[in-house]
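# Results of the structural survey
This is what each chain is made of:
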Amino acid sequence: MSTTSSGTTAGGTSALSIVLFAGGFDRVHYALVMASAAAATNRKVTLFFTGRALRALVHETEPGVLGWHDLDPADDGSTPVARDRYFATHGLATFEELLEACVAMDVTVMACEMGLRALGLPPGVSLRADVPVATGGVVTFLNEAPGGGAMLFV
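Just so it is clear, the model here is predicted, and its values are computed rather than measured. (Residues numbered from 1 in each chain as written. Predicted model: local features only at pLDDT ≥ 70, side-chain atom pairs only at ≥ 80, totals over all residues. Heavy atoms only, no water.)

The subject of this paragraph is the overall build of the chain. Within the chain, the regular secondary structure consists of 5 helices and 5 strands. Shown N-terminal to C-terminal, the secondary structure of the chain runs as helices and strands in the order β-α-β-α-α-β-α-β-α-β. For 154 residues, the compact-globule estimate of 2.2 N^0.38 gives 15 Å, and the C-alpha radius of gyration of the chain, at 15 Å, lies within 12% of that figure. Seen through its principal axes, the chain has C-alpha atoms that stretch 40 × 40 × 25 Å. Residues counted as buried form 43% of the 154 residues belonging to the chain. The long-range share in the chain, meaning contacts at least 24 apart out of those at least 6 apart in sequence, stands at 71%. In the form shown here, the chain has an accessible surface area of approximately 7,600 Å², with 57% of it arising from carbon and sulfur atoms. Side chains of the chain carry 9 positive and 15 negative charges; the gap between the two charge centres is 5 Å. (Helix = DSSP H or I, 4+ residues; strand = E, 2+ residues; numbered from the N terminus. Rg over C-alpha atoms; globule rule 2.2 N^0.38 Å. Buried < 20%, exposed > 50% of the residue type's maximum accessible area, 1.4 Å probe, protein only. Contact = heavy atoms within 4.5 Å. Areas by Shrake-Rupley, 256 points an atom, 1.4 Å probe, with all protein chains shown as cover. Lys, Arg positive; Asp, Glu negative; His and termini not counted. Charge placed at Lys NZ, Arg CZ, Asp CG, Glu CD.)

Okay, structure coming up:
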């Protein structure tokens, strides 16, 4: 899919860049809903994980980090695992299903280098192997975001 300098794809839809800063499970989950829906409608999508949302990309074998299970509680106070189980039993897409859909539809996933350091994670921390993650900073993210595309901060 080609993108013009105005942020629109060849089909006329605009690109979507989402900054995931908040670490609450519901917020990260819904950002994945937005990203997968936008990608399904032929938009170029970038997810820029930073802040506590970065925990969703850390490999679960890292000491002291449980990947997305380590995100902050859901809006209803439940744990990420309990909320995800609720979604699954009610016919809603789970965290893993949404992330897999984003990967399958070529959503660009970026991890903020500064955010990784701010979380106190060691240099070279192991990120999920099943998700192609590019590391970079805010300048990289902004330089790669198509002009005229939508940008959301979650």
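Let us now look at the state of the cysteines. When the sulfur atoms of two cysteines share a covalent bond, that bond is a disulfide. Across all of its chains, the model carries 0 disulfides by this definition. No disulfide involves Cys-102; its sulfur sits 19 Å from the nearest other cysteine sulfur, which is in Cys-112. Residue Cys-102 is classed as buried on the basis of its relative accessible area of 0%. Cys-112 sits in the buried class, given a relative accessible area of 1%. (Disulfide = S-S within 2.5 Å.)

Pairing within the open sheet is parallel, and its 5 strands lie in the order β4-β3-β2-β1-β5. Every interior strand has two partners, whereas the edge strands, β4 (133-136) and β5 (150-153), have only one. Across the sheet, the axes of successive neighbouring strands diverge by a mean angle of 20°, strand direction being ignored. With 4 bridges joining them, strand β1 (residues 16-20) and β5 adopt parallel strand pairing. Within β5, the position partnered with Ser-17 by the bridge is Met-151. (Pairing = 2+ DSSP bridges. Axes fitted to C-alpha atoms, helices over the stretch in contact; angles between N-to-C directions.)

The predicted model of the chain has a mean per-residue pLDDT of 89, with 90% of residues at 70 or higher. Below a pLDDT of 50 lies the segment residues 1-7, which in the model reaches 22 contacts outside its immediate sequence neighbourhood of four places, other chains included. (pLDDT = per-residue confidence, 0-100.)

Attention shifts here to the packing of helix α1 (residues 25-40) against helix α3 (residues 95-104). Interaxial distance between α1 and α3 falls to 9 Å at its minimum, and their mutual angle equals 35°. When you trace α1 past α3, the crossing you get is left-handed. On the side of α1, the interface is formed by Phe-25, Val-28, His-29, Leu-32, Val-33, Ala-35 and Ser-36, while α3 contributes Phe-95, Leu-98, Leu-99, Ala-101 and Cys-102. (Left-handed = near helix turned anticlockwise from the far one by under 90°.)

Before going further, it helps to spend a moment on the nonpolar core. In terms of nonpolar packing, the biggest core is built from 34 residues, with Leu-20, Val-28, Leu-47, Phe-49 and Phe-95 touching the most fellow members. Contributing elements (two or more residues each) for this core: β1, α1, β2 (45-49), α3 and β3 (108-112). Broken down by element, the residue count for this core peaks at 7 residues, all from α1. Ranked by size, the runner-up nonpolar core spans 5 residues in total, among them Val-19, Phe-48, Met-110 and Phe-141. (Core = buried A, V, L, I, M, F, W, Y, C linked by side-chain atoms within 4.5 Å.)

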